[in-house]
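Breakdown of the fold
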Amino acid sequence: MTLNLIWATLAGAVLGSLADWLFAGVLFHDRYQTYPEVWRQGGERGRILLAQALALVTAAGFVGLAWKMHQTDARGALKLAAMIWLIGPLPLLLGNHLFIKLDPRVTASHAAGWLVKLLLIGAATAWLL
C-alpha cells in the first residue's frame, strides 16, 4: 500500500503541474502585464522549481488525507477535491483579488486551475489506490 501512496502522489504531482502550466502559465498569459508592478522580475527558474516542489506537497497532502478519510474511490476523491477547493484556494484567490491588482481573467484562470489540479490529483488517487 505504501508504494501505491507514493505512485498516487507522484502521478498527482505531475498532473497538477500540467494543470498549473496550462492555467497559470498559458491561459491569459498576456493579461499578467495588465499590472506589471505586482509581479517579481527575474529568477523565474528558481521560483518555478519551488512551485513544483509545492505541487508535490499538495499531491502528498491530498493523497494522505484521502487515504486517511477512506475517500479513495472516484466519487469520494473527486468530492474531496471539490470541497478542498471550496475551503482553500477559491476563497484565498478571491480574497487576494480584492486587495491585489490582478486582471480578473488571471484570478479566474488561477481559480479554475486549482480546481482542475485538485480534481486531477483526486483522479490519480482513485486510480492508483
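Please refer to the structure higher up on the page.
Bear in mind that the values here come from a model prediction, so they are computed numbers and not experimental data.

1. Topic: the overall build of the protein chain
- Secondary structure summary: the protein chain contains five helices and zero strands in total.
- In the protein chain, the order of α-helices and β-strands from amino to carboxyl end is α-α-α-α-α.
- Scaling as 2.2 N^0.38, a compact globule of 129 residues should have a C-alpha radius of gyration of about 14 Å, and the protein chain matches this with 15 Å.
- In terms of overall dimensions, the protein chain has a C-alpha envelope of 45 × 30 × 20 Å along the principal axes.
- Considering only contacts within the protein chain whose residues lie at least 6 apart along the sequence, 78% involve residues at least 24 apart.
- About 8,000 Å² of surface is accessible on the protein chain, with carbon and sulfur atoms providing 72% of the total.

2. Re unusual backbone geometry
- Not every positive phi belongs to a glycine, and Phe 28 is a case in point at roughly 55°.
- Within the fold, Phe 28 resides in the loop between α1 (2–26) and α2 (44–68).
- At His 70, a position not held by glycine, the phi torsion is positive, near 60°.
- By secondary structure assignment, the location of His 70 is in the loop between α2 and α3 (74–87).
- For His 70, a relative accessible area of 68% corresponds to the exposed category.

3. A short note on the packing of aromatic side chains
- Under the counting rule described, the total for this entry stands at one aromatic pair.
- It is Lys 117 that lies over the ring of Trp 114; its NZ or CZ is 3.7 Å from the centre.

4. Here's the deal with the side chain of Ser 17
- Within the secondary structure, Ser 17 sits in helix α1.
- At 2.3 Å, the side chain of Ser 17 forms a polar contact with the side chain of Gln 52.
- Every residue in contact with Ser 17, bar those within four places of it in the chain, is listed here: Gln 52 and Ala 55.

5. Focus: the packing of α1 against α2
- For the pair α1 and α2, interaxial distance at closest approach is 8 Å and the crossing angle is 135°. In terms of axis orientation, α1 runs oblique to α2. Where α1 crosses over α2, the two elements pack in a sense that is right-handed. The segment α1 lies against α2, with Leu 5, Ala 8, Thr 9, Leu 10, Gly 12, Ala 13 and Ser 17 engaging Gln 52, Ala 55, Leu 56, Ala 59, Ala 60, Val 63 and Trp 67.
- Residue classes in the contact of α1 with α2 are distributed as ten nonpolar, four polar and no charged.

Each value, and the rule that gives it
Residues numbered from 1 in each chain as written. Predicted model: local features only at pLDDT ≥ 70, side-chain atom pairs only at ≥ 80, totals over all residues. Heavy atoms only, no water. Helix = DSSP H or I, 4+ residues; strand = E, 2+ residues; numbered from the N terminus. Rg over C-alpha atoms; globule rule 2.2 N^0.38 Å. Contact = heavy atoms within 4.5 Å. Areas by Shrake-Rupley, 256 points an atom, 1.4 Å probe, with all protein chains shown as cover. Buried < 20%, exposed > 50% of the residue type's maximum accessible area, 1.4 Å probe, protein only. Phe/Tyr/Trp six-rings, centres within 6.5 Å; stacked < 30°, edge-to-face > 60°. Lys NZ or Arg CZ within 6 Å of the ring centre and 35° of its normal. Polar contact = N/O pair within 3.5 Å; in protein donor to acceptor, adjacent residues only side chain to side chain. Axes fitted to C-alpha atoms, helices over the stretch in contact; angles between N-to-C directions. Parallel < 35°, antiparallel > 145°, perpendicular 65-115°, else oblique. Left-handed = near helix turned anticlockwise from the far one by under 90°. Nonpolar A, V, L, I, M, F, W, Y, C, P; charged D, E, K, R; others polar.

Function cannot be inferred from these measures alone, as they are strictly geometric.
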